Amino acid sequence: MSQPSLAPFIRSRPWLKRWMVPFANWYASAQGYRKLGLRADDLIPEENDTVQLALKRLPPKEAYDRVFRLRRAFQASLSHQLLPPEEHTKPEEDIAYLSPIITEIEAENQERDDLEEMFVPKRKQVAASVKKSH
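Before going into details, it helps to say that this report is about the structure given with it. Computed from a predicted model, the values in this text were never measured in an experiment.

A look at the overall build of the protein
Then, number 1: Scanning the protein from N- to C-terminus turns up 6 helices and 0 strands.
Then, number 2: When the helices and strands of the protein are read in sequence order from the N terminus, they spell out α-α-α-α-α-α.
Then, number 3: Its C-alpha atoms give the protein a radius of gyration of 24 Å, more than 25% over the compact-globule value 14 Å for 134 residues.
Then, number 4: In terms of principal-axis extent, the alpha carbons of the protein reach across some 85 × 40 × 20 Å.

Observations regarding the packing of helix 3 (residues 49–57) against helix 5 (residues 99–117)
Then, number 1: One can describe the packing of helix 3 onto helix 5 by two numbers: an axis separation of 9 Å at closest approach and a directional angle of 120 degrees. The orientation of helix 3 relative to helix 5 falls into the category oblique. For the pair helix 3 and helix 5, the sense of crossing is right-handed. Of helix 5, the residues touching helix 3 (which contributes Thr50, Val51, Leu53, Ala54 and Arg57) are Ile101, Ile102, Glu104, Ile105, Glu106, Glu108 and Asn109.
Then, number 2: A class-by-class count of the residues in the contact of helix 3 with helix 5 yields 6 nonpolar, 2 polar and 4 charged.

Focus: unusual backbone geometry
Then, number 1: Despite not being glycine, histidine 80 shows a phi value in the positive range, around 55 degrees.
Then, number 2: Turning to its location among the elements, histidine 80 is positioned in the loop between helix 4 (60–78) and helix 5.
Then, number 3: Residue classification places histidine 80 among the exposed residues on the basis of a relative accessible area of 75%.

Examining the side chain of glutamate 62
Then, number 1: Structurally, glutamate 62 can be placed in helix 4.
Then, number 2: If we skip the residues at most four places from it in the chain, glutamate 62 touches Arg39, Arg69 and Tyr97.

Looking at helix 2 (residues 14–31)
Then, number 1: Helix length check: helix 2, at 18 residues, gives a terminal C-alpha distance of 26 Å against a target of 26 Å (1.5 Å per residue), a fit within 8%.
Then, number 2: The sharpest bend along helix 2 reaches about 30 degrees and sits at methionine 20, with the proline proline 22 one to four residues further on.
Then, number 3: Two residues or fewer past helix 2, glycine 32 is found with a positive phi of approximately 90 degrees.

Some words on the pattern of salt bridges
Then, number 1: Summed over the entire model, instances satisfying the criterion amount to 9 salt bridges.
Then, number 2: As a salt-bridge pair, lysine 61 and aspartate 65 come within 3.0 Å of each other at their nearest N and O atoms. Placement of the pair is lysine 61 and aspartate 65 together in helix 4, with a separation of 4 residues, close to one helical turn.
Then, number 3: On the basis of relative accessible area, lysine 61 is assigned to the exposed category, the value being 61%.
Then, number 4: One salt bridge in this structure joins arginine 69 and glutamate 62, with 3.8 Å as the shortest N-O distance.
Then, number 5: By relative accessible area, arginine 69 is classed as buried at 8%.
Then, number 6: Shared partners join several salt bridges into a network, and the residues in it are Arg39, Asp42, Glu62 and Arg69.

Some remarks on the nonpolar core
Then, number 1: The biggest cluster of nonpolar side chains holds 10 residues, and these are Ile44, Val51, Ala54, Leu55, Leu58, Tyr97, Leu98, Ile101, Ile102 and Ile105.
Then, number 2: Elements that contribute at least two residues to this core include exactly helix 3 and helix 5.
Then, number 3: Membership of the second largest hydrophobic core comes to 7 residues, among which are Ala28, Ala73, Ala76 and Leu83.

Let's talk about the side chain of aspartate 42
Then, number 1: In this structure, aspartate 42 sits in the loop between helix 2 and helix 3.
Then, number 2: Polar side-chain contacts of aspartate 42 include one of 2.9 Å to the backbone nitrogen of arginine 39.
Then, number 3: Side chain to side chain, aspartate 42 and tyrosine 97 meet in a polar contact 2.2 Å long.
Then, number 4: Filtering out sequence-adjacent residues up to four positions away, aspartate 42 remains in contact with Arg66, Arg69, Leu70 and Tyr97.

About the criteria used
- Residues numbered from 1 in each chain as written.
- Predicted model: local features only at pLDDT ≥ 70, side-chain atom pairs only at ≥ 80, totals over all residues.
- Heavy atoms only, no water.
- Helix = DSSP H or I, 4+ residues; strand = E, 2+ residues; numbered from the N terminus.
- Rg over C-alpha atoms; globule rule 2.2 N^0.38 Å.
- Axes fitted to C-alpha atoms, helices over the stretch in contact; angles between N-to-C directions.
- Parallel < 35°, antiparallel > 145°, perpendicular 65-115°, else oblique.
- Left-handed = near helix turned anticlockwise from the far one by under 90°.
- Contact = heavy atoms within 4.5 Å.
- Nonpolar A, V, L, I, M, F, W, Y, C, P; charged D, E, K, R; others polar.
- Buried < 20%, exposed > 50% of the residue type's maximum accessible area, 1.4 Å probe, protein only.
- Expected span 1.5 Å × (residues − 1).
- Bend = angle between axes of the 7 residues up to and from the residue.
- Salt bridge = Lys/Arg side-chain N within 4 Å of Asp/Glu carboxyl O.
- Core = buried A, V, L, I, M, F, W, Y, C linked by side-chain atoms within 4.5 Å.
- Polar contact = N/O pair within 3.5 Å; in protein donor to acceptor, adjacent residues only side chain to side chain.

Below you can see the structure in the form of structure tokens.
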């Protein structure tokens with residue numbers, strides 16, 4: 001689910017960050033999802049088991065708000081209208097609420113896979129003492 005990101009590279013270079021932040025803000029605005037009242041994490045496809053589990057882990061209020069935003073955007077899309085400007089998602093409201101949970105679940109899955117693949121060799125001393133006791 002996670003893709004490679006240039007964000008740490010850009011954040012570590014102030015000159016590059018000063019150049020990229022206005023471009024990133026323009027790009028996020030041009031995508032149009034904010035004009036429908038959505039957040040960026042509302043656009044994550046739900047067909048993945050990891051995302052399904054993350055949605056189950058959402059607090060009830062956040063899950064309700066997500067469903068409300070999706071239904072309102074769907075209704076606006078059906079009527080071929082945008083929401084009034086006061087109902088647009090503002091950049092400071094467009095925070096990640098689902099991505100951190102997805103990252104956490106992916107880390108749990110990776111840890112589980114690492115533990116399942118781990119090979120623990122038998123110690124010869126223990127095997128020899130077991131044979132002597134029988």
